[in-house]
Structure formats: structure tokens, C-alpha cells
Amino acid sequence: MQEHIVIIGNGISGVTTARHIRKASDKKITIISAETDHFFSRTALMYIYMGHMKYEHTKPYEDYFWKKNRIDLKRAFVETVDHENKQLLLSGGEKMSYDKLVLAVGSKPNKFGWPGQDLDGVQGLYSKQDLDMLEANAPDKETCKRAVVVGGGLIGIEMVEMLLTRDIPVTFLVRENSFWNGVLPQGESEMINRHIKSHHVDLRLGYNLDSILADDNGKVRAVTIKETGEEIACNVVGLTAGVSPNVAFLKDSGIELGRGIKVNPMLETNIKDIYAIGDCAEQHEGINGRRPIEAVWYTGRMMGEALAQTLTGNPTAYNPGHWFNSAKFMDIEYQTYGWVFSKPKEGNTHFHWMHKDDNKCITIEMQEDSRKFVGINNFGIRLRHELFDRWLTEERTTDYVLEHLKDANFDPEFYSHYEKDILNAYNAAYGTSLSPKKKSWKRIFA
């Protein structure tokens, strides 16, 4: 009989797995999701609210794609995984059998037991349902006279930016004393503080949410601040203090859980023929210094590609390579390649350069003695991922990287370039006399 592979979750991880299984085999594939009928780009949700896109623009594939490629879609919620009988119990009592099961169930916004956290008007920003809820809760500045966003990460600043596009005043509660300073070095974090404030956001650093207060109809009317007792009137509270793997429904399944679903580098759980990928997967030990759980779009895609190989007869371990990521802080683009810690690791040091316009900077982490290049953060300047990946593999020095920085610049032709300024600052800091090399397409595409 034809082997049946069931994938729970239609995000980037699950869909990538399905597509690559289909490319390599004729197996029966079913994707189950309670969120939407079809796969969409989760990272584009904010642009729907901001008016830059419509929902249908976020779907990478036409609706006929799934039938054409013989990938069955099931809109349902999975309540129980019965691994002994290889069955799933779906909402409504329906059962579905599988031969191999892929758990790609993603994450859910964190809640920390705040009084009022389940009131009408309190929400996260993760799912399509969250987007629809925000559209209802904050359609305009008349309906939502103020919003409070709690949590100083990437999702928090996205939500702030979204609300600002509708002229809704925002108070942004960040428990750290500087934005994202557990990740960003001090100079970068302080630059982002100033940038957020320049957009007329009421940024409250070093403050924690204490409680959320309701009006007579059970809707949000205000929040209180733990440190001061201050009450801030608002109509929407965005809870964006990180996410956690969406694994509560697996508690009694026999599948080993930590914070997420425990997997080995082959993405196998402790139960034969059950695998986990994406935000919900937790490695027993982090790979190449990475965290055991990585809620990042591209790692989900890479896990899906690796697992599809294994499921079609070519056992392949998940190997994400060098760390990289990208994001936007309002209108400042951010990229990171390799490792740059908020404070240099022992034996390392930071070189930091900032442009006078206060919205462009780089920080390089390097070994203090050898100046071996460890990683780079860059804000406001686009740099080529492929080159930094190569330089990290080749274990280049920071001297070499900065001499060849023109090769890495990926900004459009008529943008200003800053390699000379950066190198001059480096020479002054380290007593070197380096000069920038001319850009070489031969080196770039070597």
C-alpha cells in the first residue's frame, strides 16, 4: 500500500517538507491545519494590516497547486496523537491514520499569568487569527485611542510599526533597560532606542506590565505598571514577550517534551516514525553553538528540506551552518552573520562603527589576539550573505573582511557607500594601515 505521511501544520516547515517529498516520491501526503486553508507567508502578516498587501498576495502558491501536486489539505484541529495505533483524533471526533507523522505545529505567544491577560482586546501577533483580531480591535485611531505593546523583541516592534501606520498612539513596555540589549551590543541597542522614540512612540524602558484592567463589558480599558503603579488607558494590549512551542496537546502522548518536542539531528522524536521540525522542535543539544529551539523562518525551511530527504530514502541530518538572520526596526534594516553577542565572549572583542546620521552602524566580534572574524551585525547597510558565510568557513581575519567589504556591499548602485569610513575607524582603533580593495565580481562569484 502507498505510504501515508501526515504533516500537522501548514507553515514554512510543514509545507517545505511536503513539497520536497512530492519532488522525490509518489507517497500520499496530507497536511492538517486549523489556522488557514492554504499556506501563506507568516512574515508578511504585518504588511496586510499596513495596507501594502492583500492576504491573497501572501500565498506563494495558487490554490490549485495543492491538488495538482497531490497534496491533500485538511482544515482541522488535532486533539490527540495515538502513536501506538498510528492515529490522530481530530476535533469533531474524526480519526486519521498515518504511517509517518511530521509535527510542524509552530509556536504560540507567551503569557505569564498577568491578571486580565485573556480579556477582549488582549492579543498576540503570530497567526492569521491574530491579524484578523487586530483588524477588529484596532481598525483606526477613533476605535483604538491608544495601544500598549508589551515585550521588546522583533514581534513587538513590528506590532508598534503596524499601529503607527494607522496613527494609533502606542506605549511600548520593555522590561530591559535598553531595547533588545540581551541580543544587541550597547551601541546598537541605544541607537534603536533613539530610532523608536523618533517615531513618537512612548517607549518605557525598564518597566513591567503588572495587570490589565477591564471595563464594564469585559474589554480592555487600561494597564498598570508594576514599578510605579501608573495606570495607562488603552483599548488594545499586544502581548509580544516572545513565543513558546505549541505542544500542550502532546502532554500525554508519550512523545518526549522539554520546552518543545525533543528531537535528534535527524529530527526524530523518541517515538518511531514521528518527527518534529520548525519552531516546535527542540534539539537535545544546540548545533554549532545555536540554541536548541530556533523560531526562525529559514531554519524551519532547512529542517523541512532535510527531513524530506530522510522520508524519501536519503537519510539527512539537519545542519543549519553558520548563524544568520535579518529583520527591520521600523525603517532600519538589520542583518547578522556569525556570532555577535551583546557583550563579547571571553577572549573576543568588539569593533563598533556608527554613521553620524544615527541610523547606520556595524559591530564586528573578533578574537582579541588573532583578530579572527567571528561575526558582524549591520544596520542600514545591505551585505551579501553568501560572502560572509564563505569568510566564516574560511576563518578569515577581520582585517581581510574589512579590506574586502566592498565585495560584500549589496546596496543598490546609487546608494552611498561607507567602506572607507569604516576602515578608517578600524585603522584608528587598532593601529593598522589597511586600505579598501576594489570590488571584484570574480571574487564575489568565485
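Provided above is the structure to which this section pertains.
Residues numbered from 1 in each chain as written. Predicted model: local features only at pLDDT ≥ 70, side-chain atom pairs only at ≥ 80, totals over all residues. Heavy atoms only, no water.

## Regarding the packing of aromatic side chains
Part 1 of the reasoning: As enumerated under the stated definition, the model contains 26 aromatic pairs in all.
Part 2 of the reasoning: Geometrically, the ring pair formed by Phe 65 and Trp 66 is edge-to-face, given 5.0 Å between the ring centres and 85 degrees between the ring planes.
Part 3 of the reasoning: Exposure remark for Phe 65: the relative accessible area of 18% places this residue in the buried category.
Part 4 of the reasoning: Assessed through its relative accessible area of 3%, Trp 66 is described here as buried.
Part 5 of the reasoning: Taken together, the aromatic side chains of Phe 172, Phe 179, Trp 180, Phe 329, Tyr 334 and Phe 379 make up a single cluster linked through ring pairs.
Part 6 of the reasoning: Across the ring face of Tyr 126, the terminal group of Arg 42 is positioned such that the distance to the ring centre comes to 4.5 Å.
Part 7 of the reasoning: When the ring centre of Tyr 55 is taken as origin, the NZ or CZ atom of Lys 128, which lies over that ring, is 4.8 Å away. (Phe/Tyr/Trp six-rings, centres within 6.5 Å; stacked < 30°, edge-to-face > 60°. Buried < 20%, exposed > 50% of the residue type's maximum accessible area, 1.4 Å probe, protein only. Lys NZ or Arg CZ within 6 Å of the ring centre and 35° of its normal.)

## A word on the pattern of salt bridges
Part 1 of the reasoning: Tallying each qualifying case throughout the model produces 27 salt bridges.
Part 2 of the reasoning: As a salt-bridge pair, Asp 202 and Arg 204 come within 2.9 Å of each other at their nearest N and O atoms.
Part 3 of the reasoning: Overall, the relative accessible area of 17% leaves Arg 204 in the buried class.
Part 4 of the reasoning: Within this structure, Glu 3, Lys 27 and Lys 100 form a network of salt bridges that share partners. (Salt bridge = Lys/Arg side-chain N within 4 Å of Asp/Glu carboxyl O.)

## Quick word on unusual backbone geometry
Part 1 of the reasoning: For Asp 167, which is not a glycine, the phi torsion comes out positive at approximately 60 degrees.
Part 2 of the reasoning: The residue Asp 167 is located in the loop between helix H5 (154–164) and strand S11 (170–174) in this model.
Part 3 of the reasoning: Positive phi, normally seen in glycine, also occurs at His 200, with a value near 65 degrees.
Part 4 of the reasoning: For His 200, the location among the structural elements is in the loop between helix H6 (186–198) and strand S12 (202–205). (Helix = DSSP H or I, 4+ residues; strand = E, 2+ residues; numbered from the N terminus.)

Keep in mind that these numbers describe shape and distance, not what the molecule does.
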